[in-house]
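A look at the structure
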Amino acid sequence: MKSAIKAFSAVAIAAMVLVSVPACYFSGDTARVTINVGKPPALASHVQAKPGLFSRILAFITLSNNAYADPAPYDWYEIALTVTGDGMDPIEIQIPAETGKASISLPVGERTFTVVVTGDAGNRLYGAIKTVQVSGSNTIDMILGPLPSAPGIYVDLHNESTAEVFVDEWSTAHLVIYKSNSLNGTYTKIGTVTQNLSETLLDGNVVQDATYYYKASGLNEFGEGNFSGVYVYTHDW
C-alpha cells in the first residue's frame, strides 16, 4: 500500500512539473518580449508628495481633504504598440499608461516596434521606433520623444497630366504625402518631401475633371506625427 502511494505521488509530481514547464519555456520559434516605455511624462514630472507642515496644519484646521498635493494632470488617452516584421502579420496592442509596460509573445526574428502616444483629443503626442532581433526572453526599453506637429498642404495644377503638392509649416525635415480617391477612403502614401531638397511633390497619376484628396504628416526619428487637414483637388486643365 505504501509503495502504491509513493508511486502515485511520484507520478503526480512529475505531472505537475510537466504542466508547469510551458509557462517559462520558449520554443525555438517564439520569443517573449516586454516593452517598457516608462511612465508618461505628465505623471513622472508631477510627483504626488506630502505638503509641508504648515499646509497640513492648515488643512486640518479648515477640514480640507487636501492633505496631499494635487494628483498629476492626466492628459494621455492611450499608448499603442505596433509590431511588424517578416513572416508575421502586424500585431497591435495597448500599453497601460499607468505602468508603461506590456508583454507579448512573438515569432523569433527581426521585429520593428512602433509606439504612439495619443492625447484626449486624438493628437499624436509622443512616439518611439526600435528594430530588435528577438529570441527567448527580452526586455526592450523605448525612449519616447515628441512627434512632429501637423503640416500645411496645398495642391495646384502643374500641367495637363500632373498636379503639384505644396507643403509648409515645417516642424521636421521630412513630410509624407498621402492621396485618396474619396474623402473617407483609403489614403495611400505617394511620396516623401525633404526640406531643403524639394518642398513640392509632382503627382502624375491624375486625369482631367477627376477629384482627389490629399493629406500630409511629419516624420522624425520618433515616428510619424499628426496629419494635416484634407485638401480637396479637382484636376482641371
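Here the structure is a predicted model, which is why all the values come from computation and not from measurement.

Side note on the confidence of the model for the protein chain
For the protein chain, per-residue confidence averages 79 on the pLDDT scale, and 70% of positions sit at 70 or higher. Mean pLDDT in the protein chain bottoms out at helix 1 (residues 2-20), which sits at 40, and peaks at strand 16 (residues 231-234), which reaches 98. Residue range residues 1-27 is modelled with pLDDT below 50. Its contacts to residues more than four positions away, or to other chains, number four contacts. Contacts from residues 64-74, a stretch scored under 50 in pLDDT, to residues over four places away or in other chains number 25 contacts.

Quick notes on the nonpolar core
Core analysis: the largest hydrophobic core is formed by 22 residues, its most contacted members being V33, I35, V37, F113, V115, I140 and M142. Going through the elements one at a time, strand 1 (30-36), strand 2 (76-84), strand 4 (101-107), strand 5 (109-119) and strand 6 (124-134) are the ones with two or more residues in this core.

Some details on the environment of Y187
Counting through the fold element by element, Y187 comes out in the loop between strand 11 (174-180) and strand 12 (188-194). For Y187, a relative accessible area of 15% corresponds to the buried category. Residues Y187 and I177, 10 residues apart in the sequence, show an inter-C-alpha distance of 9.3 Å. For Y187, the residues in contact, after removing those within four places along its chain, are Y178, K179, S180, S182, Y213, Y214, K215 and V230. Looking at Y187, its side chain comes within polar contact range of the main-chain oxygen of L183, at 2.7 Å.

Let's talk about the packing of aromatic side chains
Considering all chains together, one arrives at four aromatic pairs under this definition. Between the aromatic rings of Y214 and Y233, the centroid separation amounts to 6.4 Å while the plane-to-plane angle is 65 degrees, which identifies the pairing as edge-to-face. One end of the pair, Y214, is in strand 14 (residues 211-220); the other, Y233, is in strand 16, and 19 residues separate them in sequence. The pair Y214 / Y233 is uniform in exposure class, with both members buried. A connected cluster of aromatic rings, assembled from ring pairs, spans Y154, F166 and Y231. The residue whose ring lies beneath K215 is Y187, and the NZ or CZ to ring-centre distance is 4.3 Å.

So, how was this worked out
Residues numbered from 1 in each chain as written. Predicted model: local features only at pLDDT ≥ 70, side-chain atom pairs only at ≥ 80, totals over all residues. Heavy atoms only, no water. pLDDT = per-residue confidence, 0-100. Helix = DSSP H or I, 4+ residues; strand = E, 2+ residues; numbered from the N terminus. Contact = heavy atoms within 4.5 Å. Core = buried A, V, L, I, M, F, W, Y, C linked by side-chain atoms within 4.5 Å. Buried < 20%, exposed > 50% of the residue type's maximum accessible area, 1.4 Å probe, protein only. Polar contact = N/O pair within 3.5 Å; in protein donor to acceptor, adjacent residues only side chain to side chain. Phe/Tyr/Trp six-rings, centres within 6.5 Å; stacked < 30°, edge-to-face > 60°. Lys NZ or Arg CZ within 6 Å of the ring centre and 35° of its normal.

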